[in-house]
Amino acid sequence: MKLMSFNTQHCLNYTEQFVDFEKMAWAIDTLDADIVGLNEMFDEGHDAKFGAQTRKLSELTELKNHFFAKAIDDECGPYGNGILSRYKIVSAKSIKIPDPEPRRYNGFYETRCILKAELENGLLVLVTHFGLNPDEQENAVLTLLDHIRDEKCILMGDFNVAPDNTVLNPIRERMVDTGAGFDASKMSWPSDKPQIKIDYIFVSPDIEVISADIPEVIASDHRPHVAEIKQ
């Protein structure tokens, strides 16, 4: 089974700078993904050029099961995370990550969420996108710890932190970082000349990781992170 974490930057073609569903679908099909966690996705809203992006990618790929989890209402429409799956989605919902109160930093803040989906094959999939500030990231980890399962669980997304950031330690204590098996240093952002790894796929300890990679694919501003697993 092939997993893929993909921040699409609302399906923006990174080199051409236009909303390009075909390019994002090409990346998904090229990497032969079975389950894809999507970040920075719009749903149907005020701007027709965006539309229901998760559904559109489902229509353009072989992954016909899909769900969008709203984090915020942006001026262009609902905005959040998505999932595409070759397997039927039995149930799915959006879980809000609490905003820090009070805010401890001067950076940009944005309400975030966790997409939680139960699949017909028994897998629990969590897709998230951490905020930029440490207090947002701490809240995200605390919320995730309430929903991570110790068996048949996958967690993926853009965490906006490097692998040596200690905020990830509570997750690493319960899950396996598929990136630990890279045969070389792999970076995910920006996609043309990556300088940092901020995208992750974690799995519960019962899941066997066969391989993992961040391929040299330039579609959005992030390179996709993929992992092949056996459950």
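Asker: An account of the state of the cysteines is requested, with residue identities and associated values reported.
Answerer: Inspection of the entire model under this criterion finds zero disulfides. Cys 76 provides the cysteine sulfur closest to Cys 11, a residue in no disulfide bond, and the two sulfurs are 13 Å apart. For Cys 11, a relative accessible area of 0% gives the class buried. We note that Cys 113 lacks a disulfide partner, and the nearest cysteine sulfur, in Cys 11, lies 16 Å from it. Given the relative accessible area of 2%, Cys 113 is considered buried.

Asker: Summarise the sheet that holds strand 3 (residues 65-74); cite the residues concerned and give the values.
Answerer: Pairing is mixed across the open sheet formed by six strands, whose spatial order is 3-4-2-1-12-11. Edge positions in the sheet fall to strand 3 and strand 11 (208-213), since each has one partner strand and no second. In this sheet, neighbouring strand axes are inclined to one another by 15° on average, regardless of whether the strands run parallel or antiparallel. Along the sheet, helix 1 (residues 21-30) contacts strand 1 (2-7), strand 2 (35-42) and strand 4 (77-85); its crossing angle with strand 1, the most-contacted strand, is approximately 155°.

Rules of the game
- Residues numbered from 1 in each chain as written.
- Predicted model: local features only at pLDDT ≥ 70, side-chain atom pairs only at ≥ 80, totals over all residues.
- Heavy atoms only, no water.
- Disulfide = S-S within 2.5 Å.
- Buried < 20%, exposed > 50% of the residue type's maximum accessible area, 1.4 Å probe, protein only.
- Pairing = 2+ DSSP bridges.
- Helix = DSSP H or I, 4+ residues; strand = E, 2+ residues; numbered from the N terminus.
- Axes fitted to C-alpha atoms, helices over the stretch in contact; angles between N-to-C directions.
- Contact = heavy atoms within 4.5 Å.

Purely geometric numbers; function is a separate question.
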